[in-house]
Amino acid sequence: MKASFVVFVSLLPMTVCVLESCSNEPSKVDVRKAEIRAHDSIEIIDARKAKSVADSIIAFKEFEVEDLKKEFVFEKKPEYQTLGYYVLPGYAGDKSKYDFFPEVEEQGKLLYVSIDKKRNYTFKEVDVMNVGYEDNLPKGVSSKVKEDAAKCYLLAKTMQELAAAKDAKEKAERKVKFYEKKMEIAAEKLK
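Thresholds, definitions, all that
Residues numbered from 1 in each chain as written. Predicted model: local features only at pLDDT ≥ 70, side-chain atom pairs only at ≥ 80, totals over all residues. Heavy atoms only, no water. Helix = DSSP H or I, 4+ residues; strand = E, 2+ residues; numbered from the N terminus. Expected span 1.5 Å × (residues − 1). Buried < 20%, exposed > 50% of the residue type's maximum accessible area, 1.4 Å probe, protein only. Core = buried A, V, L, I, M, F, W, Y, C linked by side-chain atoms within 4.5 Å. Contact = heavy atoms within 4.5 Å. Pairing = 2+ DSSP bridges. Axes fitted to C-alpha atoms, helices over the stretch in contact; angles between N-to-C directions. Phe/Tyr/Trp six-rings, centres within 6.5 Å; stacked < 30°, edge-to-face > 60°. Salt bridge = Lys/Arg side-chain N within 4 Å of Asp/Glu carboxyl O.

With respect to helix 1 (residues 28-69)
Side chains three or four residues apart in an α-helix point the same way, a direct result of the helix having 3.6 residues per turn.
And then number 1: The end-to-end C-alpha distance of helix 1, which contains 42 residues, comes to 60 Å, matching closely the 62 Å that a straight helix rising 1.5 Å per residue would cover.
And then number 2: Turning to helix 1, its buried residues are V31, A34, D40, E43, I44, A47, A54, I58, K61, V65 and L68.

Next comes the structure, spelled out in structure tokens:
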């Protein structure tokens, strides 16, 4: 024998109606609103968690970047450079004696700088998030240059990870504000 009753669950008041005909049966609109509120609650919890994780990563990466920067010299000529560069002490100052050297742009980009015989500079940006430092090195560079490129790669990658964590935190904060405001408006409508 089949039971002829319907089960409705309303998420907001957390009441269960299990009767053949229930006078307190929530409408489909009310059920949907409750589902949306539950979803929004989950979203705000996830966003707060993401913000917390980003805060932790930022604290660690800021410390790591500052520690790595101690091995570098910051160079910037404000009269013609809008951004400065972190270079290892051996490459600081006059670059004309080199035909290749690595450097890290102030914003965290790893650049391999090649200088031809006419002293023309060529800059090659290395995508540190997707390739290794050796993937873009010119053939025949010394082991010292490879070691220096590895140090620059580590600084650039850490700076980019820090920037990504800051972006993630900002995105999570915007999401939290959005859902808080949405829930506040929904609560106002219930009054």
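After that view, the rundown keeps rolling.
Overview of the nonpolar core
And then number 1: Counting residues in hydrophobic clusters, the biggest one holds 29 residues, and the most contacted among them are Y91, V104, L110, Y112 and L155.
And then number 2: For this core, the secondary structure elements donating two or more residues are helix 1, strand 4 (85-87), strand 5 (100-105), strand 6 (110-115) and helix 2 (143-190).
And then number 3: Element by element, the count of residues in this core is highest for helix 2, at nine residues.
And then number 4: Aside from chain neighbours lying at most four places away, what touches L155 is V65, L68, K69, F72, Y86 and V104.

Comments concerning the side chain of E103
And then number 1: Residue position: E103 is located in strand 5.
And then number 2: Looking at E103, the relative accessible area reads 5%, which means it is buried.

Here's the deal with the sheet that holds strand 4
And then number 1: As summarised here, the arrangement of the five strands in space is 3-4-5-6-7, forming an open sheet in which the pairing is antiparallel. Only two strands of the sheet have a single neighbouring strand rather than two, namely strand 3 (73-75) and strand 7 (121-126). For this sheet, the mean inter-axis angle between neighbouring strands, taken without regard to orientation, is 35°.
And then number 2: In the sheet, strand 5 pairs with strand 6 via five bridges, with the strands oriented antiparallel. Its bridge partner lying in strand 6, P102 is registered against Y112.
And then number 3: Each of strand 4, strand 5 and strand 6 is contacted by helix 2, which is oriented at about 15° to strand 5, the strand it contacts most.

Quick word on the packing of aromatic side chains
And then number 1: On inspection of all chains with the given rule, the structure shows eight aromatic pairs.
And then number 2: A centroid spacing of 4.9 Å and a plane angle of 50° characterise the contact between F74 and Y86, whose relative ring orientation is tilted. Taken together, the residues F74 in strand 3 and Y86 in strand 4 connect sequence positions 12 residues apart.
And then number 3: Given a relative accessible area of 39%, F74 falls into the partly exposed group.
And then number 4: The interplanar angle of 55° and the centroid separation of 5.9 Å between the aromatic rings of Y133 and Y153 together place this pair among those described as tilted. In this pair, Y133 is assigned in the loop between strand 7 and helix 2 and Y153 in helix 2, connecting sequence segments 20 residues apart.
And then number 5: By relative accessible area, Y153 is classed as buried at 15%.
And then number 6: Grouped by ring-pair contacts, the aromatic residues Y91, Y98 and F101 constitute a single cluster.

What about the environment of G108?
And then number 1: Relative to the helices and strands, G108 is located in the loop between strand 5 and strand 6.
And then number 2: Look at G108 and you get buried, because its relative accessible area is 0%.
And then number 3: Along the sequence, G108 and Q160 sit 52 residues apart, while their C-alpha atoms lie 5.7 Å from each other.
And then number 4: Setting aside its immediate chain neighbours within four residues, G108 contacts A156, M159 and Q160.

Considerations on the pattern of salt bridges
And then number 1: Counted by the stated rule, this structure contains 16 salt bridges.
And then number 2: For the salt bridge of E62 with K166, the shortest nitrogen-to-oxygen distance reads 3.8 Å. Remark: K166 occurs in helix 2 and E62 occurs in helix 1; sequence separation between them is 104 residues.
And then number 3: In this structure E62 comes out as partly exposed when scored by relative accessible area, which is 35%.
And then number 4: Residue class for K166 comes out partly exposed when judged on its relative accessible area of 39%.
And then number 5: Among the salt bridges present, the one from K151 reaches E147, with a minimum N-O distance of 3.9 Å.

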